[in-house]
Amino acid sequence: MKIFKQGAEGRLYLGEYNGEYCLVKERFIKQYRHPDLDSQISRQRIKAETKAISRCLNSGILVPRILHTDLNGRKIYMEYFGKAITAKEYIQRAVAEHEDKVAEELLKNIGAKIGTIIGKLHANNIIHGDLTTSNILINPKGNNFDFNVYDIVFIDFGLSHYNQGAEGKGVDLYVLERALLSTHSEQPNLFEHILEAYRKECGKDESTVVAKFEEVRARGRKRTMIG
Ligand SMILES: Nc1ncnc2c1ncn2[C@@H]1O[C@H](COP(=O)(O)OP(=O)(O)OP(=O)(O)O)[C@@H](O)[C@H]1O
């Protein structure tokens, strides 16, 4: 068993299900939590992830297929994108490996693509819950990595939920903006590129959601100032 990633919440490893090579995501038991509560949270996350993934697939949004869930074993077996890198890595490499103008164009394109997908998620009332560039995969279409030819795959739906209201969507955008500000502080235009494409895609509630996002952001600023 090859451990792929070991974090505080759980571990990822490469496994097999029904003869298919896959990624297994296992959540740890938290000793500090009451066992019943811990088991409830873990089940809730796994269910949230599988539900959101099936909603995404029905809406034509690329996500890893779920091959199997094991609620008692706290495991999800999912499709593994072996050639993919995270959007975080893509953005860092795009900037490091290209001249400014080319890099700006690549960032504009990826921002537009990401914005369109988040717009689609929200048009289908899927709130991701943890939008960061580590939770977006860039999957090359060919065998060799090409900065222009790739699919975008959203992952990590454990904190997701289904909600038609503007608040959840506004918060989703705010979480992403904060993540970009801390992870990609040298690319201040990235969020604007995302928001521009988002507005075109997210449907009839577009202006209500963006107003809500601005309200959430203003609340966040106030909190930061007060400390
Ligand atoms: N289906 C997949 N195919 C390829 N790589 C993946 C896949 N799912 C996750 N990864 C990789 O593993 C990393 C962590 O995945 P994920 O965010 O789902 O796990 P997590 O335990 O919730 O992590 P964290 O708590 O840090 O968010 C991703 O950033 C990505 O690099």
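Residues numbered from 1 in each chain as written. Predicted model: local features only at pLDDT ≥ 70, side-chain atom pairs only at ≥ 80, totals over all residues. Heavy atoms only, no water.

What counts, and what does not: UniProt positions are given in the numbering used here, feature names are shortened, and annotations may be inferred rather than shown by experiment.
By the naming in an unreviewed UniProt entry, the protein is non-specific serine/threonine protein kinase, taken from Ceratitis capitata. One UniProt comment on the protein, placed under Subunit (unreviewed entry), says "Component of the EKC/KEOPS complex composed of at least GON7, TP53RK, TPRKB, OSGEP and LAGE3; the whole complex dimerizes." According to the UniProt record, the Sequence similarities (unreviewed entry) comment for the protein reads "Belongs to the protein kinase superfamily. BUD32 family."

### Remarks on helix α6 (residues 206–226)
Stated precisely, the cut-off is as follows: To qualify as a helix, a DSSP run of H or I must reach at least 4 residues; to qualify as a strand, a run of E must reach at least 2; elements of each kind are numbered from the N terminus. Take the number of residues in a helix, subtract one, and multiply by 1.5 Å to get its expected span. Relative accessibility under 20% of the residue-type maximum defines a buried residue, over 50% an exposed one, and the middle range a partly exposed one, all with a 1.4 Å probe and only protein chains included. Along the arc lie the directions from the helix axis toward the C-beta atoms. The contact criterion used is simple: two residues touch if any of their non-hydrogen atoms lie within 4.5 Å.
In this model, α6 (21 residues) spans 30 Å end to end at C-alpha, consistent with the 30 Å of a helix rising 1.5 Å per residue. What α6 keeps buried is the set Glu206, Val209, Val210, Phe213, Val216, Arg217 and Gly220. Viewed end-on, α6 has its buried residues packed into an arc of 120°, placing them on one side of the element. In this structure, α6 carries Lys222, Met225 and Ile226 as exposed residues pointing more than 90 degrees from its buried face. Packing partners of the buried residues in α6 comprise α4 (166–183) and α5 (190–201).

### Focus on unusual backbone geometry
Residue arginine 74 is not a glycine yet carries a positive backbone phi of 55°. You can see arginine 74 is positioned in the loop between β4 (66–70) and β5 (75–79). If you check the backbone angles, aspartate 156 has positive phi at about 60° while not being a glycine. The topology assignment puts aspartate 156 in the loop between β9 (150–154) and β10 (161–162).

### A word on α5
For α5, with twelve residues, the first-to-last C-alpha span of 17 Å sits near the 16 Å given by 1.5 Å per residue. Within α5 the residues assigned to the buried category are Leu190, Phe191, His193, Ile194, Leu195, Ala197 and Tyr198. Against the buried residues of α5 lie α2 (87–96), α3 (100–123), α4 and α6. Glycine 203, located one to two residues past α5, shows a positive phi value of around 95°.

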